[in-house]
Every structure is written in C-alpha cells, then in structure tokens.
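Architecture at a glance
Listed below are the residues making up each chain.
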Amino acid sequence: MTFDIDIWIQVAAFTGGGLAMGFGAIGAAIGEGFTASEANIAISRNPQMSGDIFKGMLVGQAIAESAAIFALVVAMLLLFTNFSGQSVVAVCVILAAGLSMGLGAVGSGIGSGFPAGEACAGISRQPAMSNQLTTNMLIGSAVCQTPSIFALVISFILLFSDFSGMPVAPTWAAILGAGFAAGFGAIGSGLGGGLVAQTSCEGMARQPTSASTVTNIMLLGQAVTQTTAIYGLLVAFILLFKGFAPSESLGAAMALMGAGVCMGLGAIGPGIGEGATARSAVRWIARNQEATPELTRIMLVGQAVSESTGIYSLVVALVLIFVI
Amino acid sequence: MEDLGEIHQLIVPLFGHEMTFNLEPIIQTWIVIIGLLVFGYLATRKKSLVPGPIQTLGEVFINQFYELTADTLDKELTRKYAPLITALFMFLLLCNWLGVLPYLGEPTSDLNTTLSLGIMGFVISHYAGIRKKGLKKYLKGYCEPLFFMLPLNLVGELAKVISISFRLFGNIMGGDIIVIVVTYLVFSLVLPPFLTGFFFIFIGAIQAFVFTMLTLVYIAVQVN
C-alpha cells in the first residue's frame, strides 16, 4: 500500500471529522442531561407547572446543543469537501480544524446546560417569573456559546484560507498550535460562563426584585470569564497570520506548537476559576442587593488574580512565538 | 464563498509609508453616525411633556443608561460619563445591527473599529483614574499588592484592551462567517433568516451591552 499526499489528506479529513464530532458530542450531552435532571426534580416539586418547565427544558437543551451542531457542521465539511490536490500543510490544516472545533464545543456544551437546568428549577419555585427566567437563561446560554463560536471561527478560517504559499516547515506546527489554542482555550471559559449563568437564574427565582441587577452582573462576570478564551483566540490568530520564515529545524516548529498548547491548556483553569468566582458573587448579590457594589468589586479583583495564571500562559506563548 | 475575508482597501502613499484605509468599515461607520444624528434630531425636534414615539425611544435609552451608570459611579462622575456610555451603546447597537441590511456589513466585524473603541475606553478610564486619584496614587496602584507585581499589572491592563476588543470582533465576525458558510451549505434554504436573527440581532445586542458595561466597569475600577 502506497501513501501519496492525497491519501494522507483523506486520512486527515476522516480523522479530523471524527475528532470534531467525537469531542463535540461530549459537552452538549452532559449539559443536556443536567438540564433534564433538574427539570425532573422541578416537575416533581411543582407538578402544576410541568408544561412550562418542559418547554423551558426543551428551549434550554436546544441552545446547549448548538455547540454540538457547530461541531457537526465542521465534521460534515471535513467529510464531504474535496481536498485533493493540495500541499502537505493541508493535512495539518484539516486536523487542526477538527481538533479546534471538537475541543471548543466541550466547555460551552456543558456550560449552557447549567443555566437551562437552573431555569427549570426556578420556574417551579417562582412560577410568576417564568418568562423572565427563560429570557435570562437564553441570554446567559448565548453568551456561554461565545468560546465555541471562537473555536468555530478558527476552524472555518483554517478550512477556507489558502496556506499553500507559506513554507511547509514551521507552518504545519503553527497551524496545529492554532487549533490547540482555540480548542483547549474554549473549554474553561465555556464551562465557567455556564456556572455564572446558573446562579443568575437561581438568584432571580429566589429574589425577583433583583432581576435586572443579577442579569447585568452575570453578563459582566461571564465577559471577564471569557478573557482567557480570547487570549487563546489571539494566539491562534497570531499563529495563523504572522507568516514564519522557512526553517527546517524541529525546534522552531515545536516552539510554535508549544505556544498553542501552552495557551490552550493555560486557559482552562482560569476560565473555570473565574466562573466559580462570578457564580458566588451573582448568587449573593441576588440575596443581598445592598452589597452589590462591594461584591462586584471583590468579584472583579478575585477574577483578575485567578486570571494571572492565564496571563502567564499568554506571556510564555508570546515568548515562544516571537523570541525563540 | 470566494469573497470570504476579502477587504477593499485604499492605499495612500505618504512620505515613503503607506496609509491603508479599509473602505467598507469607514462607509458603514459613517452610515451609523448619520443614522444616530438623524435619530437625535428627530427625538429632540418637538420636545413635549407627552413624548412622541421617537422621543420616548430616546428617553428609554438615556434613562436606562443613566441609571446603570449611577449604580457604578458616584453622582458627579455619572453626570460626566453617562452621555459617553449611552452614546457608546447606541453606536455599537446600530453598528452590530447594520449587517441585517442588504449590501451592508457590520463595521464592528473589522478589528480596527473594535480596537480603536477599546483603546478609547482604556484612555478614558486611565484619564478618569488620574483625575480622581492624582498621579501619585494612580501610579502606586500598579505596585499593589507588592512592587514586583508591576509587570504583571501592566500586562493585565493591556490584556483588558485586547480582551474587550477581540470579544466584540470575534463574536460579530464569527456570526458573519457562520451565516455565510451555513447559507452556502443549505443553498440559502430555510435557515438563514433564523441565523441572521440570532447572530446579528440577539448576539449583536448582547455584545454591544457587554462592551458598554465593561467600559463602564473599567472606568469604575480606575476611579475607586
């Protein structure tokens, strides 16, 4: 059996498609299962509201599923596009596109299950708030999807840009690195953003008068939580568009891939941590509205400190790209 | 599909350097500015105690964002910065919604727009911080909690600009790309209007609000 370049590209397309949909299926399924379990509990508490709770569950699950649908789109593109007649770089491009979207869908899928579940619990606890809870859940889940949208953007850019003019030697590593940075980088922020949205639904159900404050602080907390995913996106953009001088040494190539892996993995922890910080802040702002300015300030400071490890990763990744 | 990522540029040679203008965002930004000016004129043309529909809309914007600013800043600063916050939100909202119209795109899907707005917020927040606290106390803020945290604090401040501008840019451009690619995949059947509604209208409004809130919070963090 001989392996020419077209076969390798086909191998990469099938593997990439499998990775995209395989990883992409993890998150959404967990999130949706969580939503359904909360909906069950909610219905048993308040059977009269079962219609509303069921509707809320389905809407929430539909949003949680969108990350997996992004992964499905990328997997389908990989399986059915004709890539033949391209260079060696295309092998890495295809793999990286699959990895980026697959990994990127994990966090957002799990994350958007949390607000949906808590919204169901909230509807049973406070039926009068059911419309506002659904709206808040939709906003929170939509913001949760942002990291997976970043991963999707990177994989679309990979698939639709022309890298054939670039030198093969370091570019293959830069492209894989970009996939890792965007993919891994999205996990933590997606999950963390879900934690924040979860308690905002809980708080709103407990204390309806706090609704607008809680939504605002939730958006703020989620936005800060996404910062490390944005670093991942930034590193991926730099790796894709900087244009590297040709070099045959494996060290230079590994530095570029290392930069991507470093930023990607380094973004997971801060994302979850900042989400946990904002979760508690939002939960207690709902119960103690007078303390809103104090709690918001402490939340931002705490998030900044927990983000510092993400900034270390960013610094190391930039050093790997620009210095070495 | 082929025109994905294509940008019309005007390149002007100037003293041996080249100045590059991205024509589309500039035109679109001017459309937004003119739209806002017309809205402002119509809202204030016939001011009355019983407001007409356009005046009501204007009052809704102004009331909401004055209240939001007053929650975060003190009274004097609210008077100073609430107009900025309101204008920023209205500008971003119209920018993000402009892509719904045929032949137009969002100026915010160009990184230059979001980055300049991010830098604007950065400069304003630091100016406000220096005005409020004085230069010495402002500089001392960078050496907290300990002096060797200085480089980290500096990187953290710059990272704020990057994160705020890339968040808006990534979301809006991501929505654009998703709509284009999915429209192509489904041969423009059924899905595109729903996707446009979700990514342009819904995500656009949320991201405009998030950007405005973050600018407000950056000012508040510097002031306190």
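Structure: see above.
Treat the numbers as computed from the prediction; the structure is a model and nothing was measured. (Residues numbered from 1 in each chain as written. Chains lettered and ligands numbered in written order. Predicted model: local features only at pLDDT ≥ 70, side-chain atom pairs only at ≥ 80, totals over all residues.)

**Regarding the overall build of chain B**
This is how the line gets drawn: Strands are runs of DSSP state E lasting at least 2 residues, helices are runs of H or I lasting at least 4, and numbering of each runs from the N terminus. Working definition of burial: number of other C-beta atoms within 10 Å of the residue's own, with buried at 20 or more, exposed at 12 or fewer, and partly exposed in between, all C-beta atoms being placed from the backbone. Any pair of residues counts as being in contact when their C-beta atoms, constructed from backbone geometry, are within 7 Å of one another.
The helix and strand inventory of chain B stands at seven helices and two strands. By principal-axis analysis of the C-alpha atoms, chain B measures approximately 60 × 55 × 40 Å. Looking at chain B residue by residue over its 224 residues, the buried ones come to 32%. Counted over contacts in chain B with a minimum sequence separation of 6, partners at least 24 positions apart contribute 65%.

**Things to note about the overall build of chain A**
To keep it simple, the criterion reads: Both definitions apply: the radius of gyration is a C-alpha atom measure, and the globule rule equals 2.2 Å times residues to the power 0.38.
Helix and strand counts for chain A come out as ten helices and zero strands. Starting at the N terminus and walking to the C terminus, you meet the elements of chain A as α-α-α-α-α-α-α-α-α-α. Over its C-alpha trace chain A gives a radius of gyration of 21 Å, about what one expects of a compact globule, namely 20 Å for 324 residues. Along the three orthogonal principal directions, the C-alpha set of chain A runs to about 65 × 40 × 25 Å.

**A short note on the environment of V261 of chain A**
All names here are of chain A. The residue V261 is located in helix α9 (residues 250-287) in this model. Between the C-alpha atom of V261 and that of L79, which follows or precedes it by 182 residues, the distance is 26 Å. Filtering out sequence-adjacent residues up to four positions away, V261 remains in contact with G177 and F180.

**A few points about the interface of chain A and chain B**
The cut-off we apply is this: Each residue gets one label: Ala, Val, Leu, Ile, Met, Phe, Trp, Tyr, Cys and Pro are nonpolar, Asp, Glu, Lys and Arg are charged, and the others, such as Gly, are polar.
Chain A puts 26 residues into the contact, and the matching count from chain B is 27 residues. For the side of chain A that touches chain B, the secondary-structure elements that each account for two or more residues are α4 (130-144), α5 (146-160), α7 (211-225), α8 (227-241) and α10 (292-322) of chain A. In terms of residue count, the dominant contributor to the side of chain A that touches chain B is α5 of chain A (seven residues). The residue inventory of the side of chain A that touches chain B, partitioned by class, reads 20 nonpolar, five polar and one charged.

**Things to note about the environment of M204 of chain A**
Residue and element names in this part refer to chain A. Its location among the elements puts M204 in helix α6 (residues 168-206). Separated by 118 residues in the primary sequence, M204 and Q86 place their C-alpha atoms 54 Å from one another. Apart from the residues lying within four places of it in its own chain, the contact partners of M204 are G122, M129, Q132, L133, N136, S210, A211, V214 and A286.

**A few points about the nonpolar core**
Residue and element names in this part refer to chain A. Let me state the cut-off plainly: Structurally, a nonpolar core is described as a collection of buried Ala, Val, Leu, Ile, Met, Phe, Trp, Tyr and Cys residues joined by way of C-beta atoms within 7 Å.
Residues I175 and L239 are the most contacted members of the largest nonpolar core, which totals 159 residues. Considering every element that reaches this core, the biggest residue donor is helix α3 (residues 89-125), with 21 residues. Setting aside residues up to four positions removed in sequence, I175 forms contacts with V89, C92, V93, A96, L158, F163 and L240.

**Observations regarding the packing of α7 of chain A against helix α7 (residues 191-223) of chain B**
What counts, and what does not: Simply put, an axis is a line fit to the C-alpha atoms, just over the touching stretch for a helix, and the angle between two N-to-C directions goes from 0 to 180 degrees. Angle categories are assigned with fixed cut-offs, so that under 35 degrees is roughly parallel, over 145 is roughly antiparallel, 65 to 115 is roughly perpendicular, and the rest are oblique.
Look at α7 of chain A against α7 of chain B: their axes get within 10 Å of each other, and the N-to-C directions meet at 85 degrees. Taken together, α7 of chain A and α7 of chain B sit at an angle that is classed as roughly perpendicular. Judged by residue contacts, N216, L219, L220 and A223 of chain A of α7 of chain A engage F209, V210, M213, L214 and V217 of chain B from α7 of chain B. Here the residues of the contact of α7 of chain A with α7 of chain B sort into eight nonpolar, one polar and no charged.

**Considering α8 of chain A**
For the α-helix, the turn length of 3.6 residues means that residues three or four positions removed from each other point alike. All names here are of chain A. Spelled out, the test is: Helices are assigned an expected span. That span is 1.5 Å times one less than the residue count.
Spanning 15 residues, α8 covers 21 Å between terminal C-alpha atoms, matching the ideal 21 Å at 1.5 Å per step. Most of α8 is tucked away, with 13 of its 15 residues classed as buried. Taken from the residues just after α8, G243 is the one with a positive phi, measuring 80 degrees.

**Re α5 of chain A**
Taking 1.5 Å per residue, 15 residues should reach 21 Å; α5 of chain A reaches 21 Å between its end C-alpha atoms and fits that length. For α5 of chain A, the buried fraction is high: 14 of the 15 residues fall into the buried class.

**Focus on the pairing of strand β1 (residues 9-14) of chain B**
All names here are of chain B. Note the following rule: Two strands make a pair as long as DSSP finds a minimum of two bridges between them.
Taken across its six residues, β1 has zero buried, putting it largely on the surface. Judged from the six bridges that link them, β1 and strand β2 (residues 17-22) form a sheet pairing that is antiparallel. Opposite Q9, over in β2, you have N22 as the bridge partner. Turn length for the β1-β2 hairpin, with the two strands adjacent in sequence and antiparallel, is two residues, and the turn residue F15 shows positive phi of about 50 degrees.

**Some points on the packing of α5 of chain A against helix α6 (residues 150-185) of chain B**
Heads up, the condition is: Rotating anticlockwise by less than a right angle from the far helix to the near helix defines a left-handed crossing, while the corresponding clockwise rotation defines a right-handed one.
Running from N to C, α5 of chain A and α6 of chain B cross one another at 60 degrees; their axes reach a closest spacing of 9 Å. Considered as vectors, α5 of chain A and α6 of chain B are oriented oblique to each other. Seen along the crossing, α5 of chain A lies across α6 of chain B with a hand that is left-handed. Contacts between α5 of chain A and α6 of chain B involve T146, I149, F150, L152, V153 and F156 of chain A from the former and G170, N171, M173, G174, I177, I178 and V181 of chain B from the latter. Partitioned by chemical class, the residues of the contact of α5 of chain A with α6 of chain B number nine nonpolar, four polar and no charged.

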